[in-house]
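The residues making up each chain are set out below.
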Amino acid sequence: SAKALAYALTADVMRRINADEGGGLAEGEEAQTAAAQARDFWAYVHATLWAGNALDHWATRSVIELKRRSREDMTSLGAPHAYVSWLSADEALGLLQLGDWRGCAERLRVALGSTPGPMGDASARLTAALLSCWQGRQTEAEAHLARAEELFAEQSGFLAFEFDAVRAELAVAAGDTERAFNAALIGVSFKGEPPTLVERLIPLAARAAADQAQMLRDRGKDPSPAVARLRDLQRGYPTIVSNEGFLGPDFQIQMQAMQAWYEAELLRGHRDPAAATAWQRAARAFAEGGLAWDEAHAWWRTAEALVKDHTARDAAAAALRRA
């Protein structure tokens, strides 16, 4: 039975990943072939996603390319758009993390170009919310998030979707530090497997608390409550929370960059003079991991930290130009 084989092979890929055995890509691709033969397109998407997990993290070129080929194959096989849209939305999120916002927008147009079904629609809306937020269109971002929440009743508990990370990103961009901090901590309170974008949650919580401390200082108020919150966060989470199921080399580099971001936010919140060096380290780590949006943000923070020192104005200008 091609259908039974597709699910059995994909289950074996899942077992390999959870047991840290390595491999699984060949089995995942074989499962795709069996699913196509059975014309079971849910099984095909299921096999594609787990083949990608066996290859590396979803925000890497190799996995995005696997999903692109698989989406095109499904289209040629005449798969319903609901399945095509789901993979297209997955591609869009990966491309967004890498800074390819044009490619991201193109994949979102594919996903939303016809009736996408609840999975593809919710996934595309969450990515569209991030894209709008990072490009400065906050009202549009909030509308996309609201539509995703309307579409999908199970939110924080459905770990394949990144509801909490998107909520935290949008809240911190809006200056709502309390909402951002709480959303991030809800996201790391999962049971079992971590949610999508879990690696961003602790750095976002630190960013929210550091922003809160800065706002209090700017208003001439006592920043100690926000600073204490940062200390508590560091005690509870000395390192970021990540999905240990991904062992690929690109993923490991990206997680090191996320840890560097977290450390830089902690120093910024404490007004530590070492913050400039920490932000430089984070920017270079993001560049190595290919995370262009985060690299730009880190170089901007580097410039912000350096410009306070009149002897480092040239270095600040260079960091700002790079951002």
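Please refer to the structure placed before this passage.
Residues numbered from 1 in each chain as written. Predicted model: local features only at pLDDT ≥ 70, side-chain atom pairs only at ≥ 80, totals over all residues. Heavy atoms only, no water.

### Brief notes about the overall build of the chain
- Within the chain, the regular secondary structure consists of 16 helices and 0 strands.
- Relative to its length of 323 residues, the chain is compact, with a C-alpha radius of gyration of 21 Å against a globular reference of 20 Å.
- Overall size of the chain, expressed as C-alpha extent along the three principal axes, is 70 × 40 × 35 Å.
- In the chain, which comprises 323 residues, the proportion classed as buried is 53%.
- The long-range share in the chain, meaning contacts at least 24 apart out of those at least 6 apart in sequence, stands at 62%. (Helix = DSSP H or I, 4+ residues; strand = E, 2+ residues; numbered from the N terminus. Rg over C-alpha atoms; globule rule 2.2 N^0.38 Å. Buried < 20%, exposed > 50% of the residue type's maximum accessible area, 1.4 Å probe, protein only. Contact = heavy atoms within 4.5 Å.)

### Looking at the packing of helix H3 (residues 41-55) against helix H5 (residues 81-97)
- For the pair H3 and H5, interaxial distance at closest approach is 10 Å and the crossing angle is 15 degrees. When the axes of H3 and H5 are compared, the pair comes out roughly parallel. H3 and H5 meet at a crossing whose hand is right-handed. Contact with H3, carried on its side by Phe41, Trp42, Val45, Thr48 and Leu49, involves Tyr83, Trp86, Leu87 and Asp90 of H5 and no other residues of that element. (Axes fitted to C-alpha atoms, helices over the stretch in contact; angles between N-to-C directions. Parallel < 35°, antiparallel > 145°, perpendicular 65-115°, else oblique. Left-handed = near helix turned anticlockwise from the far one by under 90°.)

### Notes on unusual backbone geometry
- Even without a glycine there, the phi angle at Leu197 is positive, about 65 degrees.
- Mapped onto the secondary structure, Leu197 falls in the loop between helix H10 (177-187) and helix H11 (201-218).
- Take Leu197: its relative accessible area is 2%, and that puts it in the buried class.
- For Arg271, which is not glycine, the phi torsion reads 55 degrees and is therefore positive.
- Within the secondary structure, Arg271 is located in the loop between helix H13 (249-269) and helix H14 (275-289).

### Some thoughts on the packing of aromatic side chains
- Enumeration according to the criterion identifies 6 aromatic pairs in this entry.
- Between Trp134 and Trp293, the aromatic rings sit 5.5 Å apart at their centres with planes inclined by 45 degrees, giving tilted as the arrangement. Of this pair, Trp134 sits in helix H7 (residues 117-134) while Trp293 sits in helix H15 (residues 292-306), and the two are 159 residues apart along the sequence.
- Taking relative accessible area as the criterion, Trp293 reaches 21% and is therefore assigned partly exposed.
- Each member of the aromatic cluster is reached from another via a ring pair, and the members are Phe152, Phe161 and Phe163.
- Geometry around Phe181 places Arg229 over its ring, the cationic atom sitting 4.2 Å from the centre. (Phe/Tyr/Trp six-rings, centres within 6.5 Å; stacked < 30°, edge-to-face > 60°. Lys NZ or Arg CZ within 6 Å of the ring centre and 35° of its normal.)

### Concerning the environment of Arg301
- Assignment of secondary structure puts Arg301 in helix H15.
- When the C-alpha atoms of Arg301 and Lys67 are compared, they prove to be 34 Å apart, with 234 residues separating the residues in sequence.
- If we skip the residues at most four places from it in the chain, Arg301 touches Arg207, Asp211, Arg268 and Trp279.
- A polar atom in the side chain of Arg301 sits 2.9 Å from the side chain of Glu304. (Polar contact = N/O pair within 3.5 Å; in protein donor to acceptor, adjacent residues only side chain to side chain.)

### A few points about the environment of Gly187
- As for its position among the elements, Gly187 is in helix H10.
- On a C-alpha basis, the gap between Gly187 and Lys308 in space is 35 Å, while along the polypeptide they are 121 residues apart.
- If we skip the residues at most four places from it in the chain, Gly187 touches Asp164, Pro195 and Leu201.

### Re the environment of Glu244
- Of note, Glu244 is situated in the loop between helix H12 (224-236) and H13.
- Glu244 sits in the exposed class, given a relative accessible area of 56%.
- For Glu244 and Ala183, which are 61 residues apart along the polypeptide, the C-alpha to C-alpha distance reads 22 Å.

### As for helix H8 (residues 138-151)
- Between its terminal C-alpha atoms H8 stretches 20 Å, which fits the 20 Å expected from 14 residues at 1.5 Å a residue.
- For H8, the full list of buried residues reads Ala141, His144, Leu145 and Ala148. Here the buried residues of H8 occupy an arc of 95 degrees about the axis, which is enough to place them on one side. Exposed side chains of H8 directed beyond 90 degrees from the buried face belong to Thr139 and Glu150.
- Residues of H8 that are buried in the fold lie against H7 and helix H9 (163-173). (Expected span 1.5 Å × (residues − 1). Arc of directions from axis to C-beta.)

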